[in-house]
Amino acid sequence: MPNQVKWQANAKLWNEFDLGDKPSLRNKLLALTVIRVGEYGPEEFSTNIISKDLNIAAGTINYHFGSREGLIAEASIMGYKRYIDRIWEMAETEQENPEKRLRLWLEEALDIQSEMHGWGPIFNYPAALPKVSNIINMKFSKQLDEMSQLNMVRLLYLVEDVQKSKVREFPYNNKKIPATKLLANPKLIMLTSSIGWSNLGLAVWYSGRHLPTKQLTIKSALTRQMMKFHIDTLINLAKSGG
């Protein structure tokens, strides 16, 4: 079963989001929304929850974001950045073994998506939440696209390092990713995409959000073994080049 999220609205939480010790009220609201939507999901999430978390008037949220949907849309950008940074930071803890780096990335992605499962409908099924999706598309699509490309190229480097049997320094941490890099090796891009999509599918299953298999007996009995087998298969796919 996914671990329950444990947190408190304090300096430690703000630092997890790189907000500093004394963030603005607006940033506090966004960070708490990332946590609370992850717990409750977008349908059950209420602005009253974070109003109580911070002991503020409910109208404060509309003042800053216009609506509940506006708050969720803007929080999605902060939440996605936190997600891609955490999985990359986990991979970066290993500096010698490229296969272990890829494994750490894949495992951390699964754990975070399970921990923050409530964001799944927003990112994976945007048609189910048209108001939120429309705001994201109108206001934040460029930011989301840039972060998605960064996440893709990071994974591409991890896969390519496995094929080359060496760990290289990632060159785009503070630089714009050139389009030529994204288009230089179509086979590698297709392989990397397949690995990423496959891991995303496992994340939906692992988080307990896939309704047809939610009560499947073998799931609870063999979850860890099945996950290890899946990740082993993806790493072998990366090594073989597809």
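These numbers were taken from a predicted model, which means no experiment stands behind them. Each chain has its residues counted from 1, following the order in which its sequence is written. Totals for whole chains, interfaces and linings use every residue, but because this is a predicted model, local features are given only for residues with pLDDT of at least 70 and side-chain atom pairs only at 80 or more, for both listing and counting. Where side-chain values are given, they derive from all heavy atoms of the structure, hydrogens and water being excluded.

Concerning the packing of aromatic side chains
And step 1. Within 6.5 Å between ring centres, the rings of Phe, Tyr and Trp (the latter by its six-membered ring) count as paired, and their orientation is classed by plane angle as stacked under 30 degrees, edge-to-face over 60, tilted in between. Scanning the entire structure with this criterion turns up seven aromatic pairs.
And step 2. Look at Tyr157 and Phe170: their rings are 5.1 Å apart centre to centre, the planes differ by 85°, and that puts the pair in the edge-to-face class. Of this pair, Tyr157 sits in helix H8 (residues 130-164) while Phe170 sits in the loop between H8 and helix H9 (179-183); the two residues are 13 residues apart in sequence, bridging distant segments of the chain.
And step 3. Residue classification places Tyr157 among the buried residues on the basis of a relative accessible area of 9%.
And step 4. Per-residue accessibility, obtained with a 1.4 Å probe over protein chains only, is compared with the maximum for each type, and a residue is labelled buried under 20%, exposed over 50%, and partly exposed between these values. Judged by its relative accessible area of 6%, Phe170 falls in the buried class.
And step 5. Three or more aromatic residues joined by ring pairs form one cluster here, namely Tyr80, Tyr83, Trp119 and Phe123. Each helix is a run of DSSP H or I of at least 4 residues and each strand a run of E of at least 2, with the numbering of both proceeding from the N terminus.

Let's talk about the environment of Pro126
And step 1. For Pro126, the location among the structural elements is in the loop between helix H7 (120-124) and H8.
And step 2. Between the C-alpha atoms of Pro126 and Ile136, which are ten residues apart in sequence, the distance is 9.8 Å.

A closer look at the environment of Ser148
And step 1. Its place among the elements puts Ser148 in helix H8.
And step 2. Residue classification places Ser148 among the partly exposed positions, given a relative accessible area of 35%.
And step 3. Separated by 68 residues in sequence, Ser148 and Tyr80 have C-alpha atoms that sit 8.7 Å apart.

Considering the confidence of the model for the protein
And step 1. On average, residues of the protein score 87 in pLDDT, and 89% of them reach the 70 mark or higher.
And step 2. The predictor rates its confidence in each residue with pLDDT, a number between 0 and 100. When the elements of the protein are averaged for pLDDT, H9 gives the smallest value, 71, and helix H5 (residues 68-92) the largest, 96.
And step 3. We call two residues in contact when some of their heavy atoms are within 4.5 Å. Residue range residues 1-5 is modelled with pLDDT below 50. Its contacts to residues more than four positions away, or to other chains, number six contacts.

A short note on the packing of helix H6 (residues 98-115) against H8
And step 1. Following both chains from N to C, one finds H6 and H8 inclined at 145°, their axes separated by 8 Å at the closest point. When you trace H6 past H8, the crossing you get is left-handed. Note on element contacts: H8 touches H6 through Asn151, Leu155, Leu158, Val159, Asp161 and Val162, opposite Pro98, Glu99, Arg101, Leu102 and Trp105. Here, axes are lines fitted to C-alpha atoms. For helices the fit covers the stretch in contact, and angles between N-to-C directions go from 0 to 180 degrees. Each crossing gets its handedness from the near helix: less than a right angle anticlockwise from the far helix is left-handed, clockwise is right-handed.

Structural notes on the nonpolar core
And step 1. Among the buried residues, those of types Ala, Val, Leu, Ile, Met, Phe, Trp, Tyr and Cys that are joined through side-chain atoms within 4.5 Å form a nonpolar core. Judged by nonpolar contacts, the single largest core of 66 residues is most densely connected at Phe17, Leu102, Trp105, Trp119, Ile122 and Val159.
And step 2. With 13 residues, H8 is the single largest residue contributor to this core.
And step 3. Ignoring any residue separated from it by four or fewer positions in sequence, one finds Val159 in contact with Leu102, Leu188, Leu191, Thr192, Ile195 and Ala238.

Quick word on the packing of H8 against helix H10 (residues 186-206)
And step 1. Between H8 and H10, the least distance of the axes is 9 Å, while the angle of their chain directions is 105°. Here H10 runs roughly perpendicular to H8, going by the angle between their axes. Where H8 abuts H10, its residues Met152, Leu155, Leu156, Val159, Glu160 and Gln163 lie against Leu188, Ile189, Leu191, Thr192, Ser193, Ile195 and Gly196.
And step 2. Gly is put with the polar residues, along with every residue not named as nonpolar or charged; the nonpolar set is Ala, Val, Leu, Ile, Met, Phe, Trp, Tyr, Cys and Pro, and the charged set is Asp, Glu, Lys and Arg. The residue inventory of the contact of H8 with H10, partitioned by class, reads eight nonpolar, four polar and one charged. Throughout, the term roughly parallel applies to angles under 35 degrees, roughly antiparallel to angles over 145, roughly perpendicular to angles from 65 to 115, and oblique to all others.

Some points on unusual backbone geometry
And step 1. Residues other than glycine seldom take positive phi values, yet Asn55 does so here, at roughly 55°.
And step 2. One can find Asn55 in the loop between helix H3 (47-54) and helix H4 (59-65).
And step 3. Positive phi is not limited to glycine here, since Ser165 has a value of about 60°.
And step 4. Within the fold, Ser165 resides in the loop between H8 and H9.
And step 5. Since its relative accessible area comes to 60%, Ser165 is described here as exposed.

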